[in-house]
Amino acid sequence: MLKTKEVEFNYDNQMFFKFQNIDLNSNENLLIIGESGVGKTTLMHLLAGLLKSNSGSIKLFDKELNQMSSYQLDSFRKNNIGIVFQRPHFVNSLTVKENLQLAQYIANKNDNTRIESILKNLNIFEKSNKKTNQLSQGEKQRVSIALAIVNSPKLILADEPTSSLDDNNCSKVIKLLKKQATDFGAQLIVITHDSRLKKHFKKSIEL
Amino acid sequence: MNIFKLSIKNIFNKPLSSSISLALLVLGVGIISLLLQLNTLIKDQMDNNLRGIDMVVGAKGSPLQLILSSVYHIDSPTGNISLAEAETISNNRMVGSSIKILYGDNYKGFRIVGAEKKFIELYKGVIKEGKDWDNPYEVLVGSKVYEKLKINLGDELISSHGLRETGQSHDEGTFKVVGLLKPSNSVIDQLIITSPQSVWDIHETHDHDEHENEHEHEHDNREITAIKFKSPMNIIQFPRQINENTNLQAAVPSYEISRLFKLFGFGIETLSYLAYLIIIVSGFSLFINLFNSMRERKYEMALIRTLGASRFQLSTMIIFESLVLTISGFILGLLFSRFGVMFVSSLMEESINYNLNSLKILNEEYWLLGLSVLIGVVSSLIPAIQVYKMNISKILADA
């Protein structure tokens, strides 16, 4: 399902990253672990099609990302990938529900029952009509998970979802992510420096 | 949810900065549209009441005053000329037709004009109720006068001397209302019209009673004549002859009115430059707003992109935000100018019994719409291009 080969990336000829090959089958989750500065975020952006590698190949769901135009990448992303960011981002002028509706609109979907069931599953249904800046940190994280899964992606990419959490919350969040991925039939790739997550994943690679 | 709705939500999320740009634009568009409306309405009124009058002859004085008083009935007359002199001029072979009018009295601020019957024909006056006057002291009343003063057929009007309400009243002279005129959208709507004989009669007794020294007044006490030419070729020559060879004054309405508008024009032009400046400033303020909010919202733009929106969709959102503001600014500006016209009209009606009523959209206002749209597009262009070129990976990595 994901196969990378000899992926290289450099920022303005200053920072140079060469990533090890990844080979992930369908129905597998993956933990990518590494210290700061080894290019974790860069790799995640490459996998999400937000960046293009200088050389090598990234094959995701049998599509070669390096051969796609920026427009094709946008469209591939909205149909296949959900992203959970380290720090949650939202459209501040919209409510929780409207944020999810916007995500659906962008993917040409319109399904309020799915929004409701996701919010209920994440235990934040009663916050539907709240503006996102009225939410607590934990609620924000749940909404950002909801945003990542609302369009039924086949792959969820999570960037440092637990780095700022204590042990208790860390294990809660990772369990939640895994549950959501299973519930909605998606694979999960977590990129982190947080070694506490190792025990939650069968398959992991170190950068 | 869609991009357009999102734009509107974004505007309402920042009500303060949005409303400043909006207020500036409303002010700019409003002032220009108000000036355009007033200019057009006043010009229309002036042209409408001119009715092809090529020349006016009256007593010496300011030619503009002569025109304003005898054609538009808004200024005091320059004085009186004798009937005999007026007859000589109207019998001149260069004169096509002429109408003599006399002033003397008013009824509660509305002027009583003594005139020949063709005066009413000139303004296409039609009698709604009652009949034409047959005898002295019988009057026809214009539509605004009877509506405002609630005058009915058969009422008796006690006039006061002069053209203002405060003049002394003629106890001897009561006018009888014999006819009411239909609204004609011209000056006769605000006049009370009677035969010249009535005006002469009432002032004859009045003068004998109180001013014994005014022997020179025969029965041509007050008289101003409006004369229509046969041929426009004479417009230049004939008034000059009158002005040079007699102690009368001849004035050409079209010339005086264009002179008046030139005087106005300078002020109007200055004010509209100021208004255009305000519109440009509103464009700048809009640009600064969008630029700042774009920086504040860079994470949310990056988010929208990662959700799969294209660069083009995001840029469209920025341009929409700007256009929603400028187009609503245009609409509010037009409303503002309409209220302005109503206000000025009510002021004018109070002071000179003129009113201006038109709510139609002028061609120049369509240009203003174009200008507003242009301002909207131009001020959002740089922010939209920046959003288009945004490096989402970099923004997200910096977070």
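Here the structure is a predicted model, which is why all the values come from computation and not from measurement. (Residues numbered from 1 in each chain as written. Chains lettered and ligands numbered in written order. Predicted model: local features only at pLDDT ≥ 70, side-chain atom pairs only at ≥ 80, totals over all residues.)

I tried to follow the overall build of chain B on my own but got confused; where do I start?
Within chain B, the secondary structure is distributed over 13 helices and 10 strands. Across the 399 residues that make up chain B, the buried fraction comes to 39%. (Helix = DSSP H or I, 4+ residues; strand = E, 2+ residues; numbered from the N terminus. Buried ≥ 20, exposed ≤ 12 C-beta atoms within 10 Å, placed from the backbone.)

Would you explain the overall build of chain A in this entry?
When helices and strands are tallied, chain A shows 6 helices and 10 strands. Scaling as 2.2 N^0.38, a compact globule of 207 residues should have a C-alpha radius of gyration of about 17 Å, and chain A matches this with 17 Å. C-alpha atoms of chain A, sized along the principal axes, occupy 45 × 40 × 35 Å. Within chain A, the fraction of its 207 residues that count as buried is 43%. Considering only contacts within chain A whose residues lie at least 6 apart along the sequence, 70% involve residues at least 24 apart. (Rg over C-alpha atoms; globule rule 2.2 N^0.38 Å. Contact = placed C-beta atoms within 7 Å.)

Would you mind showing me how to read the pairing of strand β3 (residues 110–115) of chain B here?
Moving residue by residue along a regular strand, the side chains alternate between the two faces of the sheet. Residue and element names in this part refer to chain B. Extensive coverage of β3 is indicated by the burial of 6 of its 6 residues. Side chains of β3 alternate between two faces, with F110, I112 and G114 and R111, V113 and A115 buried alike. Sheet topology note: the strand β2 (residues 95–107)/β3 ladder contains 6 bridges and is antiparallel. Note on β3: the bridge partner recorded for Y107 is F110. (Pairing = 2+ DSSP bridges.)

How do you make sense of the confidence of the model for chain B when you look at a structure like this?
Detail in the predicted coordinates should be disregarded across regions flagged by low pLDDT. Residue and element names in this part refer to chain B. Residues with a pLDDT of 70 or more make up 86% of chain B, whose mean pLDDT is 82. Mean pLDDT values over the elements of chain B span from 59, in strand β9 (residues 224–229), up to 92, in helix α12 (residues 363–389). In the predicted structure, residues 206–221 sits below a pLDDT of 50 and forms 11 contacts with residues beyond four places in sequence or in another chain. Both scores are given for the predicted complex: the pTM is 0.78, the ipTM 0.89. (pLDDT = per-residue confidence, 0-100.)

How do you make sense of helix α5 (residues 137–149) of chain A when you look at a structure like this?
Side chains three or four residues apart in an α-helix point the same way, a direct result of the helix having 3.6 residues per turn. All names here are of chain A. When the terminal C-alpha atoms of α5 are compared, their 19 Å separation across 13 residues agrees well with the 18 Å that a helix rising 1.5 Å per residue should span. Along α5, 10 of the 13 residues are buried, which leaves the element largely enclosed by surrounding structure. Where α5 is concerned, the buried positions are K140, Q141, R142, V143, S144, I145, A146, L147, A148 and I149. (Expected span 1.5 Å × (residues − 1).)

Explain the sheet that holds strand β7 (residues 81–84) of chain A here, please?
Hydrogen bonding along the main chain pairs the strands of a sheet, whether they run parallel or antiparallel. Residue and element names in this part refer to chain A. Pairing is parallel in the open sheet, where 5 strands are placed in the order β7-β8-β9-β4-β10. Strands with a single pairing partner mark the edges of an open sheet, and in this sheet they are β7 and β10 (204–206). Across the sheet, the mean angle separating the axes of adjacent strands is 15 degrees when strand polarity is ignored. Alignment of β7 against strand β8 (residues 155–159), held across 4 bridges, turns out to be parallel. From the neighbouring strand, I83 faces β8, where its bridge partner is L157. (Axes fitted to C-alpha atoms, helices over the stretch in contact; angles between N-to-C directions.)

Could you clarify how one ought to interpret the interface of chain A and chain B in this entry?
For an interface, size is often stated in terms of accessible area lost upon the parts coming together. Across the boundary between the two partners, chain A contributes 26 residues, which contact 21 residues of chain B. In terms of residue count, the dominant contributor to the side of chain A that touches chain B is helix α3 (residues 96–106) of chain A (6 residues). Among the residues making up the side of chain A that touches chain B, the classes are represented as 14 nonpolar, 7 polar and 5 charged. (Nonpolar A, V, L, I, M, F, W, Y, C, P; charged D, E, K, R; others polar.)

Sorry if this is basic, but what is going on with unusual backbone geometry here?
Glycine aside, residues mostly have negative phi angles, and peptide bonds mostly take the trans form. All names here are of chain B. At K108, a residue that is not glycine, the phi angle is positive and equals roughly 50 degrees. With respect to the element layout, K108 can be found in the loop between β2 and β3. Non-glycine residue N185 carries a positive phi angle of around 55 degrees. With respect to the helices and strands, N185 occurs in the loop between β7 (169–181) and β8 (192–194).

How should the packing of helix α2 (residues 15–50) of chain B against helix α9 (residues 253–296) of chain B be read in this particular structure?
Relative orientation and spacing of two packed helices are given, respectively, by the angle between their axes and the distance between those axes. All names here are of chain B. At a minimum axis distance of 8 Å, the contact between α2 and α9 shows a crossing angle of 165 degrees. Classified by the angle their axes make, α2 and α9 are roughly antiparallel. As α2 runs across α9, the sense of the crossing is left-handed. Grouping the amino acids of the contact of α2 with α9 by side-chain chemistry returns 20 nonpolar, 9 polar and no charged. (Parallel < 35°, antiparallel > 145°, perpendicular 65-115°, else oblique. Left-handed = near helix turned anticlockwise from the far one by under 90°.)

Hey, could you run me through the packing of helix α3 (residues 63–70) of chain B against α9(B) in this one?
Residues and elements named next belong to chain B. At a minimum axis separation of 10 Å, α3 and α9 run at an interaxial angle of 105 degrees. Our classification of the angle between α3 and α9 gives roughly perpendicular. Together, P63, L64 and I67 of α3 and P253, E256, I257, R259 and L260 of α9 make up the contact between the two elements. Residues that form the contact of α3 with α9 fall into these classes: 6 nonpolar, no polar and 2 charged.

How should the environment of M294(B) be read in this particular structure?
Residue and element names in this part refer to chain B. For M294, the position within the fold is in helix α9. For M294 and L140, which are 154 residues apart along the polypeptide, the C-alpha to C-alpha distance reads 69 Å. When sequence neighbours within four positions are dropped, the list of residues in contact with M294 reads I318, P383, Q386 and V387.

What's the story with the nonpolar core in this structure? I'm lost.
Side chains of a nonpolar character, in soluble globular proteins, are inclined to be buried together. One finds L47(A), A146(A), V150(A), I156(A), L157(A), I189(A) and V29(B) to be the most contacted residues of the largest nonpolar core, which totals 89 residues. A per-element tally of this core places α2(B) first, with 8 residues. Not counting residues within four places of it along the chain, the set of residues in contact with L47(A) comprises I58(A), L60(A) and L157(A). Ranked by size, the runner-up nonpolar core spans 32 residues in total, among them I151(B), V177(B), V187(B) and I192(B). (Core = buried A, V, L, I, M, F, W, Y, C linked by C-beta atoms within 7 Å.)

Would you take a moment to explain the environment of V26(B) for this structure?
All names here are of chain B. Tracing the backbone through its elements, the reader meets V26 in helix α2. Considered as a pair, V26 and N49 are 23 residues apart in the sequence and their alpha carbons are 34 Å apart. With residues up to four places along the chain from it excluded, the contact list for V26 reads G329, L332, G333 and F336.

I tried to follow the environment of L197(A) on my own but got confused; where do I start?
Following the sequence through the fold, L197(A) ends up in the loop between β9 (187–192) and β10. Along the chain, L197(A) and S171(A) lie 26 residues apart, while their C-alpha atoms are 7.7 Å from each other.

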